[in-house]
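Below, each chain spelled out in residue letters.
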Amino acid sequence: MSSQQQPAPQEKQPPQYFKGVVKLVLSGDSVIIRGQPKGGPPPERQLNLSGINAPRLGRRAGGSAEETKDEPFAWDAREYLRKKLVGKEVVFTIEYKVPSSGREYGFLYLGKDASSGENVIEALVSEGLVTVRQEGIRGSTELARLAELESAAKAAGKGKWASSGLQEHVRDIKWVVENPRQLVDKFKGKPVQAVVEHVRDGSTIRAFLLPDFYHITLMVSGIRCPGFKLDSEGKPDPAATEPLAEEAKFFSETRLLQRDVQIVLESVNNNNFVGSVIHPNGNIAELLLRDGFARCVDWSIALVTGGAEKLRAAEKAAKEKKMRIWKDYVSSAPQLSAKEKQFNGKVVEIVNADAIMVKLHDGTVRKIFLASIRPPRLEEKAEEKGEKKKGFRPLYDIPWLYEAREFLRKKLIDKRVDVTVDYVQPASANYPEKTCCTVLIGGVNVAEALVSKGFATVIRYRQDDDQRSSRYDELLAAEMKASKTSKGVHDKKEAPTHRVADLSGDLAKSKQFLPFLQRAGRSEAVVEFVASGSRLRLYIPRETCLITFLLAGINCPRGTRPNLNGAPGVQDGEPFGDAALQFTKEHCLQREVEIEVESMDKGGNFIGWLWLDNHNYSLKLVEEGLASVHFTAERSVHYRAMQIAEENAKAKKLRIWANYVEKEVKAVPEEDAGAERKTNYQAVVITEVTPELRFYAQKVDQGQALEQLMNQLRQELNTNPPLAGAYVPKKGDICAAKFSDGEWYRARVEKVAGNQVHLLYIDYGNREVSTAVKCVSIPAAYAGPAAFAHEYSLACVALPSDPEDIQEAVTAFGEDTNGRQLLLNVEYKGGNGDCATLLTNETDAAQRKDIARELIADGLLCVETRREKRLAKLVNDYIAAQDSAKKRHLNIWRYGDITEDDANEFGVGKRKI
C-alpha cells in the first residue's frame, strides 16, 4: 500500500494517510483493504472504523458455537458499505492499534484524497445505521460532529432509530440446504440474484441467493481452476498449493467478491451446487478460460447454460497464446490440409455402429469412424464370465448393437454426408490406424443422433487430451438426456433380444423354411453381405432368419476368392467377375430389397428373384452386361424381358460381351405347315379388368371350393372376432380384409402408407385402398390355399398408344366378358405373365367367337406379330381381321394406317399389353 503525507499544523503530529482498494466489507464498521497488485496478489489490511458500533451480523453454527441471528439493521449497514465501497479506491488513517489483538482503528474516506473524499463514518451515522461511541474518537471536534449527526438521524427516525419495524430488517438465513436437488428444480434454470460472500478458489465460491438468503457453495460449471489442497485441520496447505492457484483466486475475487451477480443453478455434486455465475461482463468461466486461469472439464461442461461453445473457444484461444497454465502446451491434433480435413461423399456401407465406408468423388472408398463414441458392447461382467455362446454373432447377440446399426443404415446408406476429420488414432497392438470424424447429414451430427437414441456412449478422455470430437460437448449433452430418459443402453431393465436362425449351409433347417418362404411370395429382406455378383447373404425380418440367396435366371462370372481350407493365396476369378461383385455390392449392400424364393440347391442355398427399388435385379445385371441368361429362366415370366436385355447388351458389346461375335445362322428347313398349337380350353369367368387390359379369371370348376372357403372364413371370424388394431399390416402379408360390402375376403397387402393399406383381393383380382383397422391376421388354415383368381393378358395383341383409344378398348372388353362364362387357353408366357385367348362358350363349337379377334375387327386393338410357327394360323387370322378394320377406317384406323412409317413423327405407335 502507498502512503500519502498531508500537510498539518506544526503543534500537532500530522496523521499518516494510506491508499488502497476495498476488497471486502466484513460488517457495518469493518472492511478489508488491499493494495495494488505487483507480480501477484497484493497485501491486505483490516480496518475497523473508529468511534462507532455497527449491529452484529448473524453467524452460522460451528464447533461449539451456536447459530446467532442478525441484530436489526446489521445487514442493511453491511450492504450500505458494500455497495458504496467494494472495488473503490479509498484513503484511510490509523488512529490507534490494540496491542493485545493487533486490531487497527481509523478513519476512512471514499476517493483519492482525504480532504475531498466522503467521510464514510459520518455517512453511516447520518443514515442511522450505527451507534456513536463516546470513547475512542480523535479529538472533541470529530466526536461533536458525529454526535450531532446521530441526533439528526434519531430525530428523523432513520435506520435503527426507527420507532417500529425493526424485525423486518433481520435476515432469515438458510445456512444449510437440506435438499439441494429440490432447490435446483425450484429455480428451473432461471438466473437468481446473488451476492458472493467468499471465493474459495478461482472456480468455487460461497454466496447468498436473494431474497431468500440461501447460503450455498457453488462450483462453477464447465471449468476447474488450480486449487488449494487442505491440511489435516481442513485449512489450505500453502506447501501443497497448485501453481497459479493464488492468481486464479485473486482474479475471481477482484470480479466477484461481494459483487451483485446472477447465479444459474444447473446441478448438484456431493451436496455442492454446480452452476454458472453471470458477471455484468459475462460468464466468469469464460473470462477465467480466456486468461489462462482455468481449463474445461467434461463432467460438468454439458450443464453450462447457453452451451459450451464459448467456453471451448476461450480455452482454445488461451492454448494458442500459451497463457499461464498453458505455457507448455503442445497441440496433439493432426496436422491436415483443408482438403484432407473436410470432404464429402456417399455412404456405401455401415461397418459397425461407429464405423462407415464413404465413397469419394474420385471413386475411392474410405473407412472412417465416428469420433468420441463407443458402440454397444457386452458388459465387462459378461465378458469376464465368458458368456459368449456357440455361434456368437455380435450384431444380433450384443444388446442394442443391431438397433444402432439399423439406425445408421436407414439414415445413411446411399446418402451424401459431410465429413470433418477430428483426429487420427495411431495403430496400436492388433488395432489399425483409425481416422475419427464428425459426420453430418443435412446439418445433423450423426454421432449426436446415435447417442441421443441411446445407441452409443461417449468416450471419456484425460483433460489434456485433444484427440476428441470437435462437437464433444454436444455428445455429452445428448448422452445426459438419453441417460435421464433411460433410452437404449441406459435402460438396464429391458434389453432387446434377437433370436436369428442362420440357415446358411444348414440343409436341414433350409428345408424346413423353404415352404414358408415359397408361400410368402414377395418378402422384404436386407442385404447383409455380397459374396459375388449373384450370391448374397440376406436377413429376412419377418422370418428372423439369415439365408444365402442366389439370383435366379442368370449366369454371373465368378470373382476372385480365397483358396479353400485357409490355404494361402487366392483363386483367380473369371473376366468381369470382380466388376459384377463390385456392382452388386455398390447397389445392393445393406439396402432393403424384396425377394421371391422359387427353389433351393443341394447346399441349402435359396434360389429366386430379387427386386431393388421394384426393379428385377437379375434383369439389371443382364442389362449391364455382367450376366448372361440361364436356361432356367425360360420357365419364368421374366424370360422375354431378359432375352431382350441380353440381345441389347450383346449389340452394345457390354462387359462380358466385349468380344462377342454373333454366330452365323444356318438355314433351317421350315416347320411342317401342319404344325398346330395345343389347346386346352378351361371354363372361366372374368372377375376384374385392369386399365392396362390385363384381367383376372376364376376357373368355373373351382367355384364351389371358393364359396365353401369364404363361408368357413367368415364363420371363423364371426365366431372368434379379432381384436381391432391388434394386427399391423406389412407389405406382402396375406390377411383377411373387410370389403366395402361388409364381408371378409382374403387379401394381399401391396403397400402400407400411414393408416392406408393397399390391398389385392387374391380370389377376385380387384384392388382397394382400405385402413389398418379393417385388416386382421388370417387363420393359418385359410392362408394356405392358392389364390382362386389368376392374372392373364390377351395373346398376340397390342394396345394402341392413345389413352382414349386404350380406355375404349378396355371398356369394350369389359362389356364383352361381363357376366359370361368363357373358354380360356394359355398360348404362351409373356413378360407380364400368361397370355391367353378367350372364346365365347356356345355349345356349338362353330359358333364360338374369339374375344380378341372381335376387338381387332372392331378397330379397338392392334395385332402383335409372333414368330412361333404354332401361332402362325392364329396371328394370320388376327391380321385379316385387322386389315378389314383398316379398310373400313374403324376406331383407331379412322385416320388411316397408324403403323405406317410417317406416323412415328407424330408419336403414334402401338403398345404391348
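- The name recorded for the protein chain in an unreviewed UniProt entry is Staphylococcal nuclease domain-containing protein 1, from Daphnia sinensis.
- According to the UniProt record, the Subcellular location (unreviewed entry) comment for the protein chain is "Cytoplasm".

### Structural notes on helix H21 (residues 803-817)
Next up, step 1: Helix length check: H21 (15 residues) gives 21 Å between terminal C-alpha atoms against 21 Å at 1.5 Å per residue, within 8%.
Next up, step 2: All buried positions along H21 are accounted for by Asp805, Ile806, Ala809, Val810, Ala812, Phe813 and Thr817. In a view along the axis of H21, the buried residues occupy a sector of 165°, so they form one face of it. Turned more than 90 degrees from where H21 packs its buried face, Pro803, Glu804 and Glu815 sit exposed.
Next up, step 3: In this structure Asp802 caps H21, since a side-chain oxygen of it lies 2.9 Å from the backbone nitrogen of Glu804.
Next up, step 4: The positive-phi residue at the C-terminal boundary of H21 is Gly819, with phi of around 70°.

### Notes on the UniProt feature "domain: Tudor" (unreviewed entry) in the protein chain
Next up, step 1: If you check UniProt for "domain: Tudor" (unreviewed entry), the listed places come out as residues 728-785 in our numbering.
Next up, step 2: Across residues 728-785 one finds 7% helix and 48% strand; the C-alpha atoms that close the span lie 22 Å apart.

### A closer look at the sheet that holds strand S41 (residues 682-689)
The strands making up a sheet associate through backbone hydrogen bonding, with each pair oriented either parallel or antiparallel.
Next up, step 1: Taken in spatial order, the five strands close into a barrel running S41-S42-S48-S51-S50, and their pairing is mixed. The mean angle between the axes of side-by-side strands here comes to 55°, regardless of whether they run parallel or antiparallel.
Next up, step 2: Judged from the eight bridges that link them, strand S50 (residues 821-830) and strand S51 (residues 833-840) form a sheet pairing that is antiparallel. Among the inter-strand pairings, Leu823 is bridged to a residue of S51, identified as Leu839.
Next up, step 3: Of the strands in this sheet, S41, strand S42 (694-699), strand S48 (789-794), S50 and S51 touch H21, which is tilted by about 135° from S41.

### Notes on empty space enclosed by the protein
Next up, step 1: Within this structure, the stated rule accounts for one cavity of 30 Å³ or more.
Next up, step 2: Estimates place the volume of the largest cavity at around 70 Å³.
Next up, step 3: Contributing elements (two or more residues each) for the lining of the largest cavity: strand S2 (16-27) and helix H5 (245-256).
Next up, step 4: When the residues that make up the lining of the largest cavity are grouped by side-chain class, the tally is five nonpolar, two polar and four charged.

Conventions and cut-offs
- Residues numbered from 1 in each chain as written.
- Predicted model: local features only at pLDDT ≥ 70, side-chain atom pairs only at ≥ 80, totals over all residues.
- Heavy atoms only, no water.
- UniProt positions renumbered as here; feature names shortened; annotations may be inferred.
- Helix = DSSP H or I, 4+ residues; strand = E, 2+ residues; numbered from the N terminus.
- Expected span 1.5 Å × (residues − 1).
- Buried < 20%, exposed > 50% of the residue type's maximum accessible area, 1.4 Å probe, protein only.
- Arc of directions from axis to C-beta.
- Polar contact = N/O pair within 3.5 Å; in protein donor to acceptor, adjacent residues only side chain to side chain.
- Pairing = 2+ DSSP bridges.
- Axes fitted to C-alpha atoms, helices over the stretch in contact; angles between N-to-C directions.
- Contact = heavy atoms within 4.5 Å.
- 1 Å grid on protein atoms, 1.4 Å probe; cavity = no way out; pocket = protein on both sides within 12 Å on 5 of 7 lines; lining within 4 Å.
- Points joined across faces, edges and corners; volume = space filled by probe spheres on them.
- Nonpolar A, V, L, I, M, F, W, Y, C, P; charged D, E, K, R; others polar.

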